[in-house]
Amino acid sequence: MKFFILAYKNLKRRKFRSFLTIGGVAVAVAVLVSLLGFNAGYQDALTSDVDKMGYQIVVTAKGCPYEAATMILNGEAGLRFIDEDIYMQITSDPDIDKITPFLAQLAYDPEKIAIINTMGIK
């Protein structure tokens, strides 16, 4: 009980400091509430927009996509392609609206290969 009396006396004695402290806490609570509200609204809007777009799925051949990207950057070929029967299975699915095939290919540039070889990159 003496603790509350001591706190009250200090609040009453230093009014300006007490006012600043109460004001700072009020501003902090207002900022927190507004940021949480903004975050909730942003998540709802983003979820709604994504739900309206439907699904976007990328189908690739078995293997690591990072390995394929590394092979292309190093000037190597050897990407595997999806078999035609798997492609036909995907296209025959009634839930699929559109298919956009994507071909990753490699262009041979002798100058680039010469520069890479002089740098010692494999």
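Criteria and cut-off values
- Residues numbered from 1 in each chain as written.
- Predicted model: local features only at pLDDT ≥ 70, side-chain atom pairs only at ≥ 80, totals over all residues.
- Heavy atoms only, no water.
- Phe/Tyr/Trp six-rings, centres within 6.5 Å; stacked < 30°, edge-to-face > 60°.
- Buried < 20%, exposed > 50% of the residue type's maximum accessible area, 1.4 Å probe, protein only.
- pLDDT = per-residue confidence, 0-100.
- Helix = DSSP H or I, 4+ residues; strand = E, 2+ residues; numbered from the N terminus.
- Contact = heavy atoms within 4.5 Å.
- Expected span 1.5 Å × (residues − 1).

A.B. asks: An account of the packing of aromatic side chains is requested, with residue identities and associated values reported.
C.D. replies: If you walk through the whole model with that rule in mind, you get two aromatic pairs. Note on Phe3 and Phe4: the rings are 6.0 Å apart at their centroids and 70° apart in plane angle, and the pair reads as edge-to-face. Residue classification places Phe4 among the exposed residues on the basis of a relative accessible area of 59%.

A.B. asks: Run through the confidence of the model for the protein, naming residues and quoting values.
C.D. replies: Mean pLDDT over the protein: 77, with 60% of residues reaching 70 or higher. Least confident of the elements in the protein is helix α5 (residues 110–119), whose mean pLDDT is 58; most confident is helix α2 (residues 15–53), at 91.

A.B. asks: Break down the side chain of Ser18 for me, with residues and values.
C.D. replies: Residue placement: Ser18 occurs in helix α2. Among the residues examined, Ser18 registers a relative accessible area of 11% and is labelled buried. Contacts of Ser18, omitting those with residues within four sequence positions, involve Asn10 and Leu11.

A.B. asks: Explain helix α1 (residues 2–13) to me, using residue names and the numbers behind them.
C.D. replies: Between its terminal C-alpha atoms α1 stretches 16 Å, which fits the 16 Å expected from twelve residues at 1.5 Å a residue. α1 sits mainly on the outside: zero of its twelve residues count as buried.

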